[in-house]
Amino acid sequence: MNTLDVNDKFLVFATRSLNFGHNPSDIRASLVEAGCSQEEADEVIERAAAGITQRREADRKSTQLAGLCVLAFGLVMLALAYYAGSGHVPSGRYGRLLMGYIFGGGASLVGLWMLVK
């Protein structure tokens, strides 16, 4: 994995500039003005772009895994609320049953949203 070296001020500058949406040509000009050679500036910009891409991919994968877990939790909660409401379990308070449906459905929708996003 391409890690961000916080001691390399040019790499940190390029990464932050790319994250803020600046053009690579503007970043290159600023790096050259700060003392980098043209080739070194191009390499720093490429390393920064690769690092940003890797971190975004890792973040997307972790979001999908969390979404899958939330979806599974919501479906289990819905199944348990359906089982409790079908008459197999003695009737308790209807508010708890309603909360099971609400939170189970809500967790399922949030899990699906996290998977799609």
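Residues numbered from 1 in each chain as written. Predicted model: local features only at pLDDT ≥ 70, side-chain atom pairs only at ≥ 80, totals over all residues. Heavy atoms only, no water.

Glancing now at the environment of Cys69. Within the secondary structure, Cys69 is located in helix H3 (residues 38-85). The exposure class of Cys69 is partly exposed, given its relative accessible area of 48%. Once the C-alpha coordinates of Cys69 and Ser108 are considered, the two residues, 39 residues apart in sequence, prove to be 9.6 Å apart. (Helix = DSSP H or I, 4+ residues; strand = E, 2+ residues; numbered from the N terminus. Buried < 20%, exposed > 50% of the residue type's maximum accessible area, 1.4 Å probe, protein only.)

As a further point, take the packing of H3 against helix H4 (residues 94-116). Following both chains from N to C, one finds H3 and H4 inclined at 155°, their axes separated by 7 Å at the closest point. As judged from the angle between their axes, H3 and H4 are roughly antiparallel. For the element pair H3 and H4, the recorded crossing hand is left-handed. Here the contact of H3 with H4 is built from residues that sort into 19 nonpolar, 10 polar and no charged. (Axes fitted to C-alpha atoms, helices over the stretch in contact; angles between N-to-C directions. Parallel < 35°, antiparallel > 145°, perpendicular 65-115°, else oblique. Left-handed = near helix turned anticlockwise from the far one by under 90°. Nonpolar A, V, L, I, M, F, W, Y, C, P; charged D, E, K, R; others polar.)

Glancing now at the packing of helix H2 (residues 24-34) against H3. When two helices pack together, their arrangement is given by the angle between their axes and by how far apart the axes lie. Running from N to C, H2 and H3 point in directions that differ by 130°, and their axes come no closer than 9 Å. Judged by the inter-axis angle, H2 sits oblique to H3. As for how H2 packs across H3, the hand of that crossing is right-handed. Residues Pro24, Ile27, Arg28, Leu31 and Val32 of H2 form the contact with H3, whose own contacting residues are Gln38, Ala41, Asp42, Val44 and Ile45. A per-class count over the contact of H2 with H3 returns 7 nonpolar, 1 polar and 2 charged. (Contact = heavy atoms within 4.5 Å.)

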